[in-house]
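A closer look at the structure
Here is how the chains run, residue by residue.
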Amino acid sequence: MEFDPKWLTDPQVFQVNRLPAHASYMVRGADGAPLEQTLDGAWKFFYAQTPGASPQEFYREGYDVSGWDEIAVPGYIQLQGGGKYGTPHYVNTQYPWDGHERLEPPAVPERYNPVGCYVRGFAVPQSWDGPVCVRFDGVETAFAVWCNGVFIGYSEDSFTPAEFDLTPAVHRDGENRLAVRVYRFSSASWLEDQDFWRMSGIFRSVALFTKAQTHLADLWVKPQLSEDLAAGTLRAELKLEGMCVGEATLTLDGKTVLAPVTGGHAVLELPVERPRLWSAEAPELYTYEVTLTDAAGHLLETVRGKAGFRRFELRDGLMLLNGRRIVFKGVNRHEWNCRTGRAVTMEDMVSDVRAMKQNNINAVRTSHYPNRTEWYDLCDEYGLYVIDETNLETHGTWQRPDGAESALPGDRPEWLGAVLDRANSMLQRDKNHASVLIWSCGNESFGGRDIYEMSRFFRETDPTRLVHYEGVFHDRRYPDTSDMESQMYTPAADVAAFLEKHPEKPFIMCEYMHAMGNSCGAMDRYTRMTDVIPQYQGGFIWDWVDQGIETDNCLGERCLACGGDFGDRPSDFEFVGNGLLFADRTPTPKLAQAKGCYQDFDILPDETGVTVKNKSLFTDTADYVLLVELTKNGARVKSSECSLQAVPGETARAELPFAVPQAPGEYTVDASLCLRENARWAAKGHCVAFGQWHISRKAPEKPCTLPVTLVEGDCNIGVHGRDFSLLFTKNAQGSVISYRWKGRELLQRPIALNFWRAPTDNDTAAGMELAHLPFKTAGLYAKLRRAKAETDGTSVRIHAKYALPGGARANVTYTITGDGKVEAALKWKGKAVESVPEFGLMLTLPAEYRNVAYYGMGPGETYSDFTSGAHMGLFGFDAHTALQPYFNPQESGARTGVQAAAVTDAAGFGLCLAGNGFMLSALPYTPHEVENARRQYELPPKVKTVVRCAKGQLGVAGDNTWGAGPHAEYHVALEKGETFRFTFGGMGGNG
Ligand code: GAL
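Quick caveat: nothing in here was measured; it's all calculated off a predicted structure.

1. Section: the sheet that holds strand β21 (residues 265-273)
Across the sheet, 3 strands lie side by side as β17-β18-β21; this open sheet has antiparallel pairing. In this open sheet, the two edge strands, each paired with only one partner strand, are β17 (214-225) and β21. Sheet twist, expressed as the mean angle between neighbouring strand axes with direction ignored, is 15°. Two elements, β17 and strand β18 (residues 231-242), share 11 bridges in a ladder whose sense is antiparallel. Looking at β18, one finds that Gln 224 is bridged to Thr 233.

In structure tokens, the structure reads:
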């Protein structure tokens, strides 16, 4: 048979000569060595923009490839060659050729369908006398294989393995030539319309393998449990090929059973008394071994694996794990590495699984395709619940005007085979993983009969797991496609309302909390719901890591690029970045928010004790150390460790071993549950849950008695004291233009009114700019109407009245005392408004004042709806690195609940600030400068520190990034007369 290019556009041809899918495991031979060898490494490579432009007969044995380039396997074509091989292309739901070539399924682009021709040599190991096969773990999106000029096979489905038998073509001695042609687009592209970078290549490993005379073709290990979970049986179902004579054994915990091999199947069972149960909290695994021997008792093959005993079921309308109601504290994860794309490394995966565990994430959805098989090993071992998702998304086909009718695969018989094949390849590969609890039929592929058939396939083949599909929400014709109601981005209140009416099925949010830019506000609305609505069993944040690509920008500097930055069009630009992590895997502040919301324990300290509610399924609080600390003004004054016992579902209380003093000060009682011993994913002492009680006991203020002088000039009002002077100009600028402390000027610009913040991605999507338009200019173009000063000898008051664009008015009163303290009071004189982005003043200091220390909510940034990972304390940051590097520069870095702060130079000289729980921001830019820049490298040089003090700022929101603004309680409303007060003054210097 020869390769036929028509296969590329025939949905019914998704494989030719591919070997049957089976579980992934490593087979070892008689000597214990793997019966496989890697073909990863450098391959000869030729790139062409269309199949027609590529060398047609390159797979022939004599074809000269010596002049070709080399490319790394595994790897993406577009991320290698320094731009020679096209660029990655980011689109969300639209197809990448939209507007370039008018296509109907199953057609593929003709003018631009890059192919990569790959060639490499290999030699068959001397010791191999059985069949010689090749396995491709992942090739995007379609490929054909030749060996020594002989056509071997063809396969689609980028994310599951394809194996072929090379035996008839292979030379046992000497060199062989393996040739692969990889197509960027095929009919399969219609089924792979995920919201990700569109690229192609052999992006996962390739291996050559052989088989012993009797070969373990497949293995399904089924840990089974008695109804009361007390007794277990490990059942191993073996599929055999080859001679099929001899014996098979199964060994576990030192016990072995054996069975004669007389045909293509064998079943082995071993009882396990009181098995230790697997869960994400305690990922107990048993190592088993399966062997095959020939009739003479010689060892042929050995396979080792890990099994977890657990029962996942739907009972009385709830999802239960080992009998307990499970709550998914989940995240969606695309495979991503900012240098190699979806060709992720072992280090990437280990880093991800550890970071997830460290941040209380217990579940992951492999959005939206099966991941590298090692990922599931890690989830088994570290403990993460997995929704394993079929590689299927056809979003672009049903976003058209004819919507439902044009949706693929719909009820179409010609796509059914491909769809079922994808499901089968995933199920067969991943079926032995304890972590996989749910099979997902794919993402956003509408509804219909084909996907219903897929769900039936899962259920019938594997009754030990549940089936998930969100598309039922869009097409309710086949409600049985999904065992649970699954929705995305539904507001929490609507979830509750839905469950009031439809409590029959358990409910999960397969995507929620759209973590694009500064986001994830009010996440606790969802997580609190898991405590009160039994059917609401959790959700999966969208998503884990920004899909940014490291490249050079137009200034020749390294940067992380997003969609469109490669000239890729059409594009959905920054939408490719919605991660809790930045693309280089540094955490964004959103990770702390998620960690706080996903705690398994509610910790509620008060003035006399600590109450702990255990919401875990299987873990006793006594497994952790309870650390209780008393702090005064941010410093620890008392600390105690104890053990508190609350079994899952129970609440316990410990009394404080100390009293909270009555003397003035800022006090907190901090309580945390910490790891007693090193865990696989974090060191001893790591905090898994935290709670705080805070009280502010204010000391009566001592009036300042130092003298202060008022100088009424023609143009300026001057105020002078021992260590300071202040100038208020009455001219056009109309503001405080100078504050000198011990002879040094601290203001680089006049103090300004500020009502604006640089819009976040969520803001822009929700139309925040238009809705708040007058407030963009209100601070920029405020005009002084009148200023007057008065003094009583111990203080000076300057009253300034401003007219604002749009007809509103605001007053600022500065009250200055002899110690240099300035109380600023900003008063709103306009009509009541329901929402303003921010309400405060902006002080601009020279750049050297960039060290910020504060007592308030931290340690990371906080907003009114973004405090779940934060608490009161004494924290610090560098103003010049406080802006988060989101693709689109936007508001970030703020702190709420601030009582006191200092913004100083390296010697501690600078400005101190105080107030009553105000919002503090310190950045090297004004909000307008941040707003103007559309990429980080467009931001102006860091020549100042812009300090914003405000009564409040709009919450960051997070329900989605296509219209959902902050919830009502996180808006800053202004009554007429609304006043914000804070004080500033100099600090540091000699004496
Ligand atoms: C969802 C989709 C995700 C992603 C997200 C927006 O509808 O399933 O893949 O596109 O929207 O970021």
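2. Observations concerning the packing of aromatic side chains
A complete count under the given rule lists 61 aromatic pairs for this structure. When the ring of Tyr 63 is compared with that of Trp 68, the centres are 6.2 Å apart and the planes differ by 65°; the resulting orientation is edge-to-face. Among the aromatic residues, ring-to-ring pairing joins Phe 3, Trp 7, Phe 46, Phe 58, Tyr 59, Tyr 63, Trp 68, Trp 146, Phe 151, Tyr 154 and Tyr 183 into one connected group. The positively charged end of Arg 744 is found above the aromatic ring belonging to Phe 909, 4.0 Å away from the centroid. The ring of Phe 877 carries Arg 895 above its face, with NZ or CZ at 4.2 Å from the centroid.

3. Description of the domain arrangement of the protein chain
Here the protein chain is partitioned into domain 1 (5-210), domain 2 (214-312), domain 3 (326-548 + 577-596), domain 4 (599-697) and domain 5 (748-782 + 820-987). Between the C-alpha centres of domain 4 and domain 5 there is a distance of 31 Å. Between domain 4 and domain 5, the buried area comes to about 570 Å², and carbon and sulfur atoms account for 58% of it. When the area that domain 4 buries against domain 5 is broken down by residue, the three leading residues are Gly 634, Glu 666 and Gln 692, summing to 52%. For the side of domain 4 that touches domain 5, the secondary-structure elements that each account for two or more residues are β42 (665-675) and β43 (687-697). Here the side of domain 4 that touches domain 5 is composed, by residue class, of 1 nonpolar, 6 polar and 1 charged.

4. Some details on the layout of surface pockets
The space that makes up the second largest pocket amounts to roughly 1100 Å³. Surrounding the second largest pocket, 35 residues form its lining, Glu 701, Lys 821, Ala 914, Gly 915 and Thr 983 being those nearest its centre. Elements supplying a minimum of two residues to the lining of the second largest pocket: β42, β52 (809-817), β53 (822-828), β56 (851-858), β58 (895-904), β59 (910-923) and β62 (979-987). For the lining of the second largest pocket, the element with the highest residue contribution is β59, accounting for 5 residues. Structurally, the lining of the second largest pocket is a two-domain feature, drawing no fewer than three residues from each of domain 4 (599-697) and domain 5 (748-782 + 820-987).

5. Brief notes about a positive patch on the surface
A grouping of Arg 786, Lys 788, Lys 801, Arg 809 and Lys 976 is seen on the molecular surface, where their side chains present a positively charged patch. With respect to the helices and strands, the residue Lys 801 is situated in strand β51 (residues 795-803). Residue class for Lys 801 comes out partly exposed when judged on its relative accessible area of 34%.

6. Observations concerning the sheet that holds strand β45 (residues 716-720)
One open sheet accounts for 5 strands, arranged β44-β45-β46-β47-β48; its pairing is antiparallel. Looking along the sheet, the strands with just one partner apiece sit at the ends: β44 (709-712) and β48 (744-745). Here 5 bridges tie strand β46 (residues 724-729) to strand β47 (residues 736-741), and the two strands are oriented antiparallel to one another. Across the sheet, Phe 728 pairs through a bridge with Val 736, a residue of β47.

7. Side note on empty space enclosed by the protein
Tallied over the full model, the rule gives 6 cavities of 30 Å³ or more. In this structure, the largest cavity encloses a volume near 110 Å³. If you trace the largest cavity, you find 13 residues lining it, with Thr 141, Phe 185, Ser 189, Glu 192 and Arg 198 closest to the centre. Examining the composition of the lining of the largest cavity, we find that 3 residues originate from one element, strand β14 (residues 196-198), more than from any other. Per-class residue counts for the lining of the largest cavity are 7 nonpolar, 2 polar and 4 charged.

8. Focus on the pairing of β59
Most of β59 sits out of view: 11 of its 14 residues are buried. The antiparallel pairing of β58 with β59 creates a hairpin that spans 5 residues between the two strands, and Gly 908 there sits at a positive phi of about 85°. Pairing analysis gives 6 bridges linking β59 to β62, with the strands arranged antiparallel. Note that in β62 the partner of Leu 913 across the bridge is Phe 984. Summarising the sheet, β59 and strand β60 (residues 944-953) pair through 5 bridges and their orientation is antiparallel. Bridge pairing links Leu 923 to Val 946 in β60.

9. Some points on the environment of Gly 869
Examined against the element boundaries, Gly 869 turns out to sit in the loop between β56 and β57 (871-878). Along the chain, Gly 869 and Lys 590 lie 279 residues apart, while their C-alpha atoms are 8.6 Å from each other. In this structure, Gly 869 is in contact with Ala 592, Gln 593, Gly 596 and Gly 858, ignoring residues within four places of it in sequence.

10. A few points about the site of the ligand
Inspection of the region around the ligand gives Asn 92, Asp 195, His 368, Asn 443, Glu 444, Met 488, Tyr 489, Glu 511, His 514, Trp 542, Phe 575 and Asn 578 as its neighbouring residues. The contact in question runs from an oxygen atom of the ligand to an N or O atom on the side chain of Glu 444, over 2.5 Å. Expressed as a share of its isolated accessible area of 310 Å², the protein-covered part of the ligand is 94%.

11. With respect to unusual backbone geometry
Here the amide bond leading from Val 73 into Pro 74 is cis, since omega sits at 0°, within 30 degrees of zero. Along the chain, Pro 74 turns up in the loop between β5 (69-73) and β6 (89-91). Here the residue pair Gly 858 and Pro 859 is connected by a cis peptide bond, since its omega of 0° sits within 30 degrees of zero. When you line up the elements, Pro 859 lands in the loop between β56 and β57. At Asn 322, a residue that is not glycine, the phi angle is positive and equals roughly 45°. Within the element layout of this structure, Asn 322 appears in the loop between β25 (318-321) and β26 (324-325). Unlike most non-glycine residues, Asn 360 shows phi in positive territory, near 65°. Within the secondary structure, Asn 360 sits in the loop between α1 (346-358) and β28 (363-365).

12. Digging into the pairing of β45
Direction of pairing for β44 relative to β45: antiparallel, over a ladder of 4 bridges. Each residue of the ladder has a partner; that of Thr 709, found in β45, is His 720. Taking the residues that link successive antiparallel strands as the turn, the β44-β45 hairpin has 3 residues. Adjacent in sequence and paired antiparallel, β45 and β46 are bridged by 3 residues.

13. A short note on the packing of helix α4 (residues 413-430) against helix α5 (residues 449-461)
The contact between α4 and α5 brings their axes to 9 Å, and the two run at 30°. Judged by the inter-axis angle, α4 sits roughly parallel to α5. Along this stretch, α4 crosses α5, giving a crossing that reads as right-handed. Residues Trp 415, Leu 416, Val 419, Leu 420, Ala 423, Asn 424, Met 426, Leu 427 and Gln 428 of α4 touch α5, and the partners they reach there are Asp 450, Glu 453, Met 454, Phe 457, Phe 458 and Thr 461. Tallied by class, the residues present in the contact of α4 with α5 amount to 10 nonpolar, 3 polar and 2 charged.

14. Quick notes on the pattern of salt bridges
For the coordinates displayed, the defined rule picks out 64 salt bridges. Residues Asp 218 and Lys 431 are paired through a salt bridge, measuring 2.5 Å at the closest nitrogen-oxygen approach. Taken as a pair, Asp 218 in strand β17 and Lys 431 in the loop between α4 and β30 (436-440) lie far apart in primary sequence, 213 residues in all. Grouping residues by exposure puts Asp 218 and Lys 431 together as buried. With a closest N to O distance of 2.6 Å, Lys 776 and Glu 931 form a salt bridge. Within this pair, whereas Lys 776 is found in helix α11 (residues 773-780), its partner Glu 931 is found in helix α12 (residues 927-932), the two being separated by 155 residues in sequence.

15. What to know about the side chain of Glu 574
Here Glu 574 shows up in the loop between β36 (558-561) and α8 (590-597). Of the residues examined, Glu 574 reaches a relative accessible area of 18% and is grouped as buried. Aside from chain neighbours lying at most four places away, what touches Glu 574 is Met 516, Cys 562, Phe 887, Asn 888 and Arg 935.

16. Quick notes on the side chain of Ser 519
With respect to the helices and strands, Ser 519 occurs in the loop between β33 (507-514) and α7 (524-532). A distance of 2.6 Å separates the side chain of Ser 519 from the backbone oxygen of His 514, its partner in a polar contact. If we skip the residues at most four places from it in the chain, Ser 519 touches His 514, Lys 590, Asn 762, Phe 866, Val 956, Ala 957 and Gly 958.

Rules used throughout
Residues numbered from 1 in each chain as written. Predicted model: local features only at pLDDT ≥ 70, side-chain atom pairs only at ≥ 80, totals over all residues. Heavy atoms only, no water. Pairing = 2+ DSSP bridges. Helix = DSSP H or I, 4+ residues; strand = E, 2+ residues; numbered from the N terminus. Axes fitted to C-alpha atoms, helices over the stretch in contact; angles between N-to-C directions. Phe/Tyr/Trp six-rings, centres within 6.5 Å; stacked < 30°, edge-to-face > 60°. Lys NZ or Arg CZ within 6 Å of the ring centre and 35° of its normal. Domains from an automatic or database assignment. Buried area = accessible area lost by both parts, 1.4 Å probe. Nonpolar A, V, L, I, M, F, W, Y, C, P; charged D, E, K, R; others polar. 1 Å grid on protein atoms, 1.4 Å probe; cavity = no way out; pocket = protein on both sides within 12 Å on 5 of 7 lines; lining within 4 Å. Points joined across faces, edges and corners; volume = space filled by probe spheres on them. Patch = residues over 30% accessible without salt bridge, like charges linked within 9 Å, V, L, I, M, F, W, Y side chains within 5 Å. Areas by Shrake-Rupley, 256 points an atom, 1.4 Å probe, with all protein chains shown as cover. Salt bridge = Lys/Arg side-chain N within 4 Å of Asp/Glu carboxyl O. Lys, Arg positive; Asp, Glu negative; His and termini not counted. Charge placed at Lys NZ, Arg CZ, Asp CG, Glu CD. Buried < 20%, exposed > 50% of the residue type's maximum accessible area, 1.4 Å probe, protein only. Contact = heavy atoms within 4.5 Å. Near = heavy atom within 4 Å. Polar contact = N/O pair within 3.5 Å; in protein donor to acceptor, adjacent residues only side chain to side chain. Parallel < 35°, antiparallel > 145°, perpendicular 65-115°, else oblique. Left-handed = near helix turned anticlockwise from the far one by under 90°.

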